Amino acid sequence: MTSLTQLPVWDALKDERAAWKKIHLRNLFAKDSDRFARFSVALDDELLLDYSKNLIRPQTLKLLLKLAQERELEAAREAMFSGAAFNLTEGRAVLHTALRAPLDADIRVDGQPIIADIHTVLARMRHFVDRVRTGKWKGYNGKPITDVVNIGIGGSDLGPAMACLALKPYGGNIRAHFVSNVDPSQMVDTLEDLNPATTLFIIASKTFTTQETLLNAQAARVWFLDTAKDPSHIAKHFVAVSTNAQAVSAFGIDTDHMFGFWDWIGGRYSLWSAIGLPIALYIGMDAFAEMLAGGHDMDSHFRTAPLSENMPVLMALIGLWHSNFWDAPVHAVLPYEQRLARFPAYLQQLDMESNGKGVTRAGKPVTYTTGPALLGEPGTNGQHAFYQLIHQGTGLIPCDFLAGRESHNDINGQHAVLLSNFLAQTEALMRGKTAAEAQVELAAAGRSSREIKALTPHKVFPGNRPSNAILYRRLTPRTLGRLIALYEHKVFVQGVLWDVNSFDQWGVELGKQLAQIILPELHGGTPGAHDSSTLGLIAKITQKD
Ligand code: F6P
């Protein structure tokens, strides 16, 4: 495949970037009253993407769409949806989209149909979820389950934890807790108020080999047996979600109490599978099915909408434009929805583990920037913390602002206040404030001409700072499903454009290997051949007094 930077359209994009030295978004808006209509796209009345406040004009988009065509995006998209071994370093299909496909879809892996298997697991989940939620599933002393603790990390934690918080209004009588960190403090704090007789543990691990999860699962078992005593009670309080039945059984969980999934589901794409069990227990299986339906809505849109009207494609192209041509190494995701507080953290794994790659699919070093770093916090909190850098810092940080038109809790008119801030931030970033405007303001505030001169540079906002606005009606399970799938496909498209494998994660291995070597050294073993920094830190940690 021709290297990205060798394509003629790449040079044309460089020229386009140069032209932007003389362009300011506030002028583009002033000249074109249709800019919002031109640069926004809706998926029915429930979801709108306004991308008009980005550093684009019609010819920019034309070139970016040409780039997508030259990278054969449509063929890659079809390959993923149809089950080709798109994850080429692991020889696996990439079929999280199949998890939310309808029963009559015909999707195959190595020629074998997979939809019936997916729906068999969904039916088992439904049976189990219904029993737990209605109190028919009893703990060892006959009491119903009140609390579910999911023990998992990365993709086996972030998605379910994010979704349970996001969908709190749909929560029932089961409380959901999440323990991921090998730092035992998280487990201790979680178990503090729980009763072993009414607690259900889900041990969630695709591989069932992850050190943190297995250690935490052992700690949970010890805590449980401390009260329950009889190991036969474990069957009523521990279930597993994994692709590795052998390891689940070796751990002591009956595989009758295991919910399976498949190696063609990447960990960070797995919340749609049985990894979503804590979500289903929390919001019920019907609401979980709605979330899957939302994911499928976005799949259909991504698969069928023309590239020029395709939300994930547009977000991906504009993201690439800012990363590669405007040197923006960071991207902010700013939900004006407190319950999406964990969405940025979830997206960090989705995006950074997927596209944080330095070689092409063919194993050659890439010569351009790939995945940006992601940061984010809910608005308005972030405004009082890190937005300063976004408004007046020296670098460009493109932002996605997300908000619901409706709130689940509108008290005291505060939702309108939230939305006014959401809108004001995108406008301020786009417009900025000129020196003349700052001076008028200072004069109106009664400042002397000396003060005006001194303060003006500090009061100027450059503007021309790009953002997307993603506006949904209300944060329902279906909307959440759509939002997650929107970002999944954005990440996919960028991976195709950058020619990286978005579905492996070899970069997490080295640290794990070194930790295995260091652990015995912390227990008194002779330190090995480390650098002086690592040796110095080991000596300090193992110091006796
Ligand atoms: O170490 C990274 C990783 O492999 C992630 O990709 C994955 O989501 C996480 O660890 C947890 O893996 P598992 O579900 O197999 O425990």
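Notes on the structure follow. (Residues numbered from 1 in each chain as written. Predicted model: local features only at pLDDT ≥ 70, side-chain atom pairs only at ≥ 80, totals over all residues. Heavy atoms only, no water.)

1. Things to note about the environment of M298
Consideration 1: Mapped onto the secondary structure, M298 falls in helix α13 (residues 285–304).
Consideration 2: In this structure, the C-alpha to C-alpha distance between M298 and A101, residues 197 residues apart in sequence, is 11 Å.
Consideration 3: Not counting the four nearest positions on each side in its chain, M298 is found in contact with L43, L47, M311, P312, R482, A485, L486 and H489. (Helix = DSSP H or I, 4+ residues; strand = E, 2+ residues; numbered from the N terminus. Contact = heavy atoms within 4.5 Å.)

2. A word on the nonpolar core
Consideration 1: If you look at the biggest cluster of nonpolar residues, it comprises 127 residues, and the most contacted ones within it are M125, L277, F343, L480 and F492.
Consideration 2: Considering each element in turn, this core owes the most residues, 12 residues, to helix α20 (residues 477–498).
Consideration 3: Here this core spans two domains, and each of domain 1 (4–88 + 296–427 + 479–504) and domain 2 (114–283) adds at least three residues to it.
Consideration 4: Those residues within four positions of L480 in sequence are excluded, and the remaining contacts are M162, A163, A166, L167, M291, L340 and L475. (Core = buried A, V, L, I, M, F, W, Y, C linked by side-chain atoms within 4.5 Å. Buried < 20%, exposed > 50% of the residue type's maximum accessible area, 1.4 Å probe, protein only. Domains from an automatic or database assignment.)

3. Notes on the sheet that holds strand β2 (residues 47–50)
Consideration 1: Here 6 strands make up an open sheet; going across it, the order is β1-β2-β13-β12-β10-β11 and the pairing mixed. Of all strands in the sheet, those with a lone pairing partner are β1 (40–43) and β11 (373–375), marking the two edges. Between one strand axis and the next, the sheet turns through 15° on average, direction left out of account.
Consideration 2: Bridge count between strand β10 (residues 330–336) and strand β12 (residues 399–404): 5 bridges; the pairing is parallel. What sits directly across from P335, in β12, is L402.
Consideration 3: Against the sheet, helix α17 (residues 414–431) touches β10, β12 and β13 (467–472), its axis set at about 160° to β12. (Pairing = 2+ DSSP bridges. Axes fitted to C-alpha atoms, helices over the stretch in contact; angles between N-to-C directions.)

4. Observations regarding unusual backbone geometry
Consideration 1: Residue G379 is joined to T380 through a cis peptide bond whose omega torsion reads 10°.
Consideration 2: By the secondary structure assignment, T380 is in the loop between β11 and α16 (387–392).
Consideration 3: Not every positive phi belongs to a glycine, and F208 is a case in point at roughly 55°.
Consideration 4: In this structure, F208 sits in the loop between β7 (199–204) and α9 (211–228).
Consideration 5: On the accessibility criterion, F208 (2% relative accessible area) is buried.

5. Topic: the pattern of salt bridges
Consideration 1: Inspection of the entire model under this criterion finds 26 salt bridges.
Consideration 2: Residues D45 and R473 are paired through a salt bridge, measuring 3.0 Å at the closest nitrogen-oxygen approach. With D45 in the loop between β1 and β2 and R473 in the loop between β13 and α20, this pair connects stretches of sequence that are 428 residues apart.
Consideration 3: The salt bridge involving D299 is made with R100; its shortest N-O contact spans 2.8 Å. Here D299 is found in helix α13, whereas its partner R100 is found in the loop between α5 (73–81) and β3 (108–109), with 199 residues between them in sequence.
Consideration 4: Since its relative accessible area comes to 4%, R100 is described here as buried.
Consideration 5: A single salt-bridge network, built from bridges that share partners, covers D44, E290, D297, R478 and R482. (Salt bridge = Lys/Arg side-chain N within 4 Å of Asp/Glu carboxyl O.)

6. With respect to the site of the ligand
Consideration 1: Residues in close proximity to the ligand total 14 residues, the closest being G155, S156, S205, T207 and T210.
Consideration 2: Take G155: an N or O atom from its main chain is 2.7 Å from an oxygen atom of the ligand.
Consideration 3: Taking T207, its side chain carries an N or O atom lying 2.6 Å from an oxygen atom of the ligand.
Consideration 4: If the ligand stood free it would expose 390 Å²; the protein chains cover 87% of that surface.
Consideration 5: The residue makeup of the shell around the ligand, split by class, is 2 nonpolar, 9 polar and 3 charged. (Near = heavy atom within 4 Å. Polar contact = N/O pair within 3.5 Å; in protein donor to acceptor, adjacent residues only side chain to side chain. Areas by Shrake-Rupley, 256 points an atom, 1.4 Å probe, with all protein chains shown as cover. Nonpolar A, V, L, I, M, F, W, Y, C, P; charged D, E, K, R; others polar.)

Nothing here speaks to function; it is geometry throughout.
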